[in-house]
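Structural overview for review
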Amino acid sequence: ATMVSMTSTTSTTTSASSPAVAGTKRLTIDTISDKIKNMEYAVRGKIAIEADRIKQELAKGGNNADDFDFDHIVFTNIGNPHAVAQKALTWPRQVMSLLQLPDAIGIDHPMVSQMFPEDAIRRAREMKASLGGSGIGAYTHSKGVRAFREDVAKFIEERDGAAPGSVDTENIFLTSGASEAIGMLMSAMIKDDSCGIMIPIPQYPLYSASLGLLGGHQVGYFLDENSVWGLNMEELERSLADAKAKGINVTGLVIINPGNPTGQVSSSDEVKDIVRFCAKHNLVLLSDEVYQENVYREGDEFFSARRAADELGLIENDGIQLCSFHSVSKGVTGECGQRGGYVEMVGIDDDVVNILFKLASSKLCPNASGQAMVSMMCRGPSPGDVSYESHAQEKKTLFEGLRDRAMLVSKGLDSIDGMSCQPATGAMYAFPSVAMPAGAVKASKELGFSPDTLYSLDLLQKTGICVVPASGFGQKEGRYGFRTTFLSLESKSVIEKIRNHYESFCAQYAE
């Protein structure tokens with residue numbers, strides 16, 4: 001297949017209802033906010049848009065579909081587990097079904113115990129009572145249902161070995177996905193265009209996109225690829241000093257652990273170093289921990305920023321401002337479409353929490369079904385419940401599949417001559433570097449793409465594999481690559497297709 005142009009055209013056809021004078025429309029591409037126009041989100045960027053177009057062509061069939069040497073798109077561009085055949089966990093969906101159903105044909109139906117397990121029925125009754133008897137069709141408290149926030153508080157205390165009652169439920173906000181919570185905090189931290197936030201490079205594009213939209217500065221600190229994307233404290237100090245020298249008011253720092261797109265798991269020492277750094281420089285720490293359940297290498301463990309701050313005595317001494325984020329979209333839950341997440345805040349003054357509450361109130365409330373899913377992620381069936389063993393087994397099976405494909409994909413990519421890939425020990429992604437033939441670098445300049453965008457587009461059009469160019473996440477000058485998930489059950493064949501395509505790509509663009 002030949003390269004498909006990705007430029008769009010605008011129709012000049014007018015209708016009887018069009019304005020009499022050309023150019024009198026108020027909202028046009030020229031008048032829309034430059035911040036929105038300039039915002040980029042690579043995960044759903046050019047390659048994903050082209051993949052959707054090809055998918056539609058394949059669905060139509062006919063001559064257009066015959067232009068491609070494949071019959072479907074393999075979407076490895078986004079961490080969307082259920083879209084690539086990961087099964088939903090049974091017990092949360094059973095409870096959710098009962099929450100959605102009217103009581104007469106749900107929890108109060110005379111045959112309900114023949115259709116649903118007893119512990120799902122009991123949990124649904126409990127959750128409906130917490131919702132005030134109105135179910136999930138009504139607005140909730142703007143911070144989220146209090147009982148569900150209490151589930152989050154207990155989950156954090158048990159995870160980190162914190163003292164019972166030490167996590168303040170009033171400092172927990174349930175949100176429609178972790179992204180909403182991150183956006184809420186970042187909007188509060190960018191007071192004006194002098195402000196900036198330190199973000200890891202490579203980074204998840206939500207952070208750069210949000211900073212662009214808010215008019216803040218992106219202050220990048222590089223992760224060390226040669227040490228499995230490790231943290232370097234000298235690099236953090238350099239980044240902060242350079243930003244201050246430019247007059248940037250650095251207000252916070254982002255850590256993504258486990259890493260996206262890099263797939264590393266930060267050690268307890270690394271997390272403590274980050275916490276100390278933020279305390280030393282009076283920076284708000286934004287800890288993105290949505291992949292905390294995705295830790296695959298034996299001997300590794302997820303170590304939260306909150307636990308690090310607690311063990312360092314910084315919580316007790318009010319020596320750190322920390323906001324931690326989690327989501328139902330990742331882990332083995334994978335419920336991206338439910339849009340459930342939370343932020344838990346430490347060291348944030350009550351008057352600031354109240355302002356954030358006002359901001360949350362302007363959106364009325366987070367998605368109620370997402371709130372319910374957060375509650376069930378944090379508190380599943382208890383030992384002895386009828387669903388406990390089956391729920392645990394389902395989670396184990398899903399986790400082992402992810403773990404095995406993490407090794408398969410990262411090792412497979414690393415074995416390709418011309419590619420190098422660090423082990424994917426966590427999260428859902430591999431992030432290989434790709435040696436780019438000189439002809440591809442030259443051709444990409446002529447087309448106005450980055451070289452890895454050219455590579456990713458060619459890979460898509462010739463194999464049906466949709467990845468994200470590494471340039472969308474940020475990387476050192478002269479590095480090229482891409483991000484791929486290892487969620488797809490087709491991961492083994494994907495690696496072989498990437499191997500064969502890369503060989504032909506290098507031959508095509510050799511000079």
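Sequence positions are assigned chain by chain, starting from 1 and proceeding in written order. Per-residue local features of the predicted model are confined to residues with pLDDT of at least 70, and side-chain atom pairs are confined, for both listing and counting, to 80 or more; whole-chain, interface and lining totals are unaffected and use all residues. The side-chain figures draw on all heavy atoms in the structure; neither hydrogens nor water molecules are used.

Predicted coordinates in areas of low pLDDT are best not read in detail. You can read pLDDT as the predictor saying how much it trusts each residue, on a scale of 0 to 100. The share of residues in the chain with pLDDT of 70 or more is 94%, and the mean pLDDT across the chain is 90. Think of it this way: any DSSP run of H or I at least four residues long counts as a helix, any run of E at least two long counts as a strand, and we number them from the N terminus. Across the chain, element-level confidence peaks in helix H7 (residues 146-160) with a mean pLDDT of 97 and bottoms out in helix H3 (residues 62-65) with 68. Confidence over residues 7-14 falls short of pLDDT 50; this stretch has 0 contacts with residues more than four positions distant or in other chains. Contacts are residue-level and defined by heavy atoms, with any inter-residue pair within 4.5 Å sufficient.

This part covers the sheet that holds strand E13 (residues 468-469). Strands are treated as partners if at least two bridges between them are detected by DSSP. Strand order across the open sheet formed by 3 strands is E10-E14-E13, with antiparallel pairing between neighbours. Every other strand in the sheet has two partners, leaving strand E10 (429-430) and E13 as the edge strands with one partner each. Note that E13 and strand E14 (residues 482-485) share 2 bridges and pair antiparallel. Looking at the pairing, Pro469 lines up with Phe482 of E14.

Turning our eyes to something else, we now look at helix H2 (residues 46-60). Note that an α-helix has 3.6 residues per turn; residues three or four places apart therefore point the same way. Expected helix span is given by 1.5 Å per residue-to-residue step, counting one fewer step than there are residues. For H2, built from 15 residues, the straight-helix expectation of 21 Å at 1.5 Å per residue is met to within 8% by its first-to-last C-alpha distance of 22 Å. Exposure classes here rest on a 1.4 Å probe applied to the protein chains alone. A residue is buried below 20% of its type maximum, exposed above 50%, and partly exposed in between. For H2, the full list of buried residues reads Ile47, Ala48, Glu50, Ala51, Ile54, Glu57 and Leu58. Once H2 finishes, Gly61 follows within two positions and takes phi at roughly 75°, a positive value.

The strand order across the open sheet formed by 7 strands is E2-E8-E7-E6-E5-E3-E4, and the pairing between neighbours is mixed. Looking at the sheet topology across the chains shown, the edges are occupied by strand E2 (172-175) and strand E4 (217-222). Averaged over all adjacent pairs, the angle separating strand axes in this sheet is 20°, with direction ignored. Here 6 bridges tie strand E3 (residues 195-201) to E4, and the two strands are oriented parallel to one another. Residue pairing across strands places Gly196 opposite His217, the latter belonging to E4. Against the sheet, helix H8 (residues 178-189) engages E2, E3, strand E5 (249-256), strand E6 (284-288), strand E7 (322-327) and strand E8 (341-346), with an angle of about 160° to E7. For helices, the fitted line uses only the C-alpha atoms of the stretch in contact; every axis is such a line through C-alpha atoms, and the angle between N-to-C directions lies from 0 to 180 degrees. Against the sheet, helix H11 (residues 268-281) engages E3, E5 and E6, with an angle of about 170° to E5.

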